[in-house]
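Read off the chains here:
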Amino acid sequence: RRLRENRRFDFHKARVLKTDLTRRQVHTDSGCIDYDFLVLALGSTTNISSLPNKSDNVFTLKNLLDGVVIRNHIIQMFEVADGECDPKRQKQLLTFVVVGAGYTGVQLVAEIRNFIDRSLIKGYRNINPAMVRVMLIGDRDYILSGRDRTLADISARMLRKQGVDIRLNTRVTRLWDHGMELNHMEMESTETVIWAAGIVANSVVSGLPVEKDEIGRVRVDEYLRLPAYPGVYALGDNAHFEDPETGAVLPPRAHYAVRQPKIVVANILSDLKGTPPKRYHYQDAAELVALGPRNAAMSLYGLHFSGLMVRVIWLAGYLSIMMGPYNRTRVAIDWLLALIFQRDSTLLTVKR
């Protein structure tokens, strides 16, 4: 809402039902909107196509509420385990599994391990820290697959040092309310499975009658436009962009998506003025992955770094792409407090 102050645009809150590219209309649950220019920026959802079956102990992480629910669940597991006398049951309660070893899964498992070690475990006298297990499951032979292999190996080494159990070349083949099956042979008892095994584009975008990739992103040209539909652009998790020079596909990551609107705006203005459009250049010189409040790893032009200073660089990078000084200041203070003190472990009541 601060974004609207003194800015000349209207905001309309509605759920998009479908987009008619031929008639140039967006259908919502509160009516139909005609457009001259359209930007597809509906984001993505968690890919659950490989989920063997539904279970009450499976969580996804895609929005703030998901994060609060997962945090509350972890705290609740410690509350129950603290009063549990059966060691087998206690171990089941204190086993936390993240499925998916991409950026989301890797960064999530590092935060979970840190939250448990710095903010939770010391508050439960009846829990042996050795009983707590945090697992990361990936179906490839290294984490962060498709990215810099050395960066992935450094990140895996740092995670293992923090106490994360990494299982590679492993798939979840069956799930039930109190456990899971790995590779059709290994059984693991757990009350917590967080599914972070990739994304798919929003269904409104994946349902469009245009050329798309395997996860539903529409294919765009070097100007981030849909070639067959003038005036229609896509960005972020909705756009499949291939670098014209290298053929590299833009990965679905936030720090790429937040830079694309400037190109889209410039090209919309070019369309209005009749001037040549501006190409989007995909630069992949640096790769950073956060590994908890005090650690991160980075690959920069073939050089690799890790530790607290890289984490500071990671924080500075994300602060730079946040909207406005108010948001930057609030977030920076929160990160600083989390670095110095333990995180708040208050149990919040929310409905899943």
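Quick note: structure is the one above.
Bear in mind that the values here come from a model prediction, so they are computed numbers and not experimental data.

Asks: Can you help me understand the layout of surface pockets in this one?
Replies: In this structure, the second largest pocket occupies an estimated 1,400 Å³ of space. Forming the boundary of the second largest pocket are 28 residues, of which Asp10, Phe11, His12, Val16 and Val39 lie nearest the centre. Among the elements of the structure, strand 1 (16–20), strand 2 (25–28), strand 3 (31–34), strand 4 (38–40) and helix 5 (203–206) are those that each provide at least two residues to the lining of the second largest pocket. It is strand 4 that provides the largest number of residues to the lining of the second largest pocket, a total of three residues. Classifying every residue of the lining of the second largest pocket gives 15 nonpolar, six polar and seven charged.

Asks: Is there a simple way to think about unusual backbone geometry in this case?
Replies: A negative phi holds for most residues other than glycine; trans holds for most peptide bonds. Unlike most non-glycine residues, Leu144 shows phi in positive territory, near 55°. Mapped onto the elements of the fold, Leu144 is located in the loop between strand 8 (133–137) and helix 4 (149–162). One non-glycine residue with positive phi stands out, namely Tyr301, at about 50°. Structurally, the position occupied by Tyr301 is in the loop between strand 19 (296–300) and strand 20 (303–306). Taking relative accessible area as the criterion, Tyr301 reaches 68% and is therefore assigned exposed.

Asks: Quick question: what am I supposed to make of the packing of helix 8 (residues 308–320) against helix 9 (residues 324–340) here?
Replies: Geometrically, a packed helix pair is captured by the angle between its two axes and the distance between the axes. Across the interface, helix 8 lies against helix 9 with an axial gap of 10 Å and an inter-helix angle of 160°. As summarised for this structure, helix 8 and helix 9 are arranged roughly antiparallel, according to the angle between their axes. Seen along the crossing, helix 8 lies across helix 9 with a hand that is right-handed. Contacts between helix 8 and helix 9 involve Leu308, Trp314, Leu315, Tyr318, Leu319 and Ser320 on the former and, on the latter, Arg328, Val331, Ala332, Trp335 and Leu339. Classifying every residue of the contact of helix 8 with helix 9 gives nine nonpolar, one polar and one charged.

Asks: Would you mind going over the nonpolar core with me for this structure?
Replies: Side chains of nonpolar character tend, in soluble globular proteins, to be buried together. Counting residues in each nonpolar core, the largest one holds 45 residues, and the members touching the most others are Ile74, Phe78, Ile116, Leu136, Ile143 and Leu159. Those elements that provide at least two residues to this core are helix 1 (64–82), strand 7 (95–99), helix 3 (103–120), strand 8, helix 4 and strand 9 (164–167). A total of nine residues in this core trace back to one element, the largest contributor, which is helix 3. Here Leu136 is in contact with Val98, Gly100, Ala101, Gly105, Val106, Val109, Ile143, Leu159, Val164, Asp165, Ile166 and Arg167, once residues within four sequence places are set aside.

Asks: I keep staring at empty space enclosed by the protein and nothing clicks. Help me out?
Replies: Across all of its chains, the model carries one cavity of 30 Å³ or more by this definition. Space inside the largest cavity adds up to approximately 40 Å³. What lines the largest cavity is simply Arg217, Gly236, Asp237, Ala239, Leu250, Pro251, Pro252, Arg253, Ala257 and Gln260. Class assignment of the residues belonging to the lining of the largest cavity gives a composition of five nonpolar, two polar and three charged.

Asks: Quick question: what am I supposed to make of the sheet that holds strand 1 here?
Replies: Pairing between the strands of a sheet is mediated by backbone hydrogen bonds and can be parallel or antiparallel. If you walk across this open sheet you meet the three strands as 1-2-3, and the pairing is antiparallel. Among the strands making up the open sheet, the edge pair consists of strand 1 and strand 3. With strand direction ignored, the average angle separating the axes of adjacent strands in the sheet is 20°. Pairing of strand 2 with strand 3 involves four bridges; the strand directions are antiparallel. By the bridge assignment, Gln25 is partnered in strand 3 with Asp34.

Asks: Is there a simple way to explain the pairing of strand 10 (residues 172–176) in this structure?
Replies: Regular strands place their side chains on alternate faces of the sheet. Bridge count for strand 10 against strand 11 (residues 179–182) is four bridges, and the pairing is antiparallel. Across the sheet, residue Val172 finds its bridge partner in strand 11, namely Leu182. Remark: two residues form the turn of the hairpin made by strand 10 and strand 11, two consecutive strands paired antiparallel.

Asks: It is not clear to me how the packing of aromatic side chains should be interpreted in this structure. Could you clarify?
Replies: The geometry of an aromatic ring pair is captured by the separation of the ring centres together with the interplanar angle, meaning the angle of the planes. Tallying each qualifying case throughout the model produces five aromatic pairs. Relative to Tyr280, the ring of Phe241 lies with its centre 5.0 Å away and its plane at 80°, an arrangement referred to as edge-to-face. Separated by 39 residues along the polypeptide, Phe241 in the loop between strand 17 (239–240) and helix 6 (254–257) and Tyr280 in the loop between helix 7 (260–273) and strand 18 (286–290) bring together distant segments of the chain. Judged on exposure class, the residue Phe241 and its partner Tyr280 are both buried. Measuring from centroid to centroid gives 6.1 Å for Trp314 and Trp335, while their planes differ by 50°, and the two rings are tilted. On the criterion of sequence distance, the pair formed by Trp314 in helix 8 and Trp335 in helix 9 is long-range, its members being 21 residues apart. Each member of the pair, Trp314 as well as Trp335, carries the same accessibility label: buried. Arg253 extends its terminal NZ or CZ atom over the ring of Tyr103, reaching a point 3.7 Å from the ring centre.

Asks: Just to check I follow, could you spell out the environment of Arg311 for this structure?
Replies: With respect to the helices and strands, the residue Arg311 is situated in helix 8. With 14 residues separating them in the primary sequence, Arg311 and Ala297 have C-alpha atoms 7.5 Å apart. In contact with Arg311, other than residues within four places in its own chain, are Glu111, Ala290, Gly292, Pro293, Arg294, Asn295 and Ala296.

What counts and what doesn't
- Residues numbered from 1 in each chain as written.
- Predicted model: local features only at pLDDT ≥ 70, side-chain atom pairs only at ≥ 80, totals over all residues.
- Heavy atoms only, no water.
- 1 Å grid on protein atoms, 1.4 Å probe; cavity = no way out; pocket = protein on both sides within 12 Å on 5 of 7 lines; lining within 4 Å.
- Points joined across faces, edges and corners; volume = space filled by probe spheres on them.
- Helix = DSSP H or I, 4+ residues; strand = E, 2+ residues; numbered from the N terminus.
- Nonpolar A, V, L, I, M, F, W, Y, C, P; charged D, E, K, R; others polar.
- Buried < 20%, exposed > 50% of the residue type's maximum accessible area, 1.4 Å probe, protein only.
- Axes fitted to C-alpha atoms, helices over the stretch in contact; angles between N-to-C directions.
- Parallel < 35°, antiparallel > 145°, perpendicular 65-115°, else oblique.
- Left-handed = near helix turned anticlockwise from the far one by under 90°.
- Contact = heavy atoms within 4.5 Å.
- Core = buried A, V, L, I, M, F, W, Y, C linked by side-chain atoms within 4.5 Å.
- Pairing = 2+ DSSP bridges.
- Phe/Tyr/Trp six-rings, centres within 6.5 Å; stacked < 30°, edge-to-face > 60°.
- Lys NZ or Arg CZ within 6 Å of the ring centre and 35° of its normal.

Everything listed here is a matter of geometry and, on its own, says nothing about what the molecule does.
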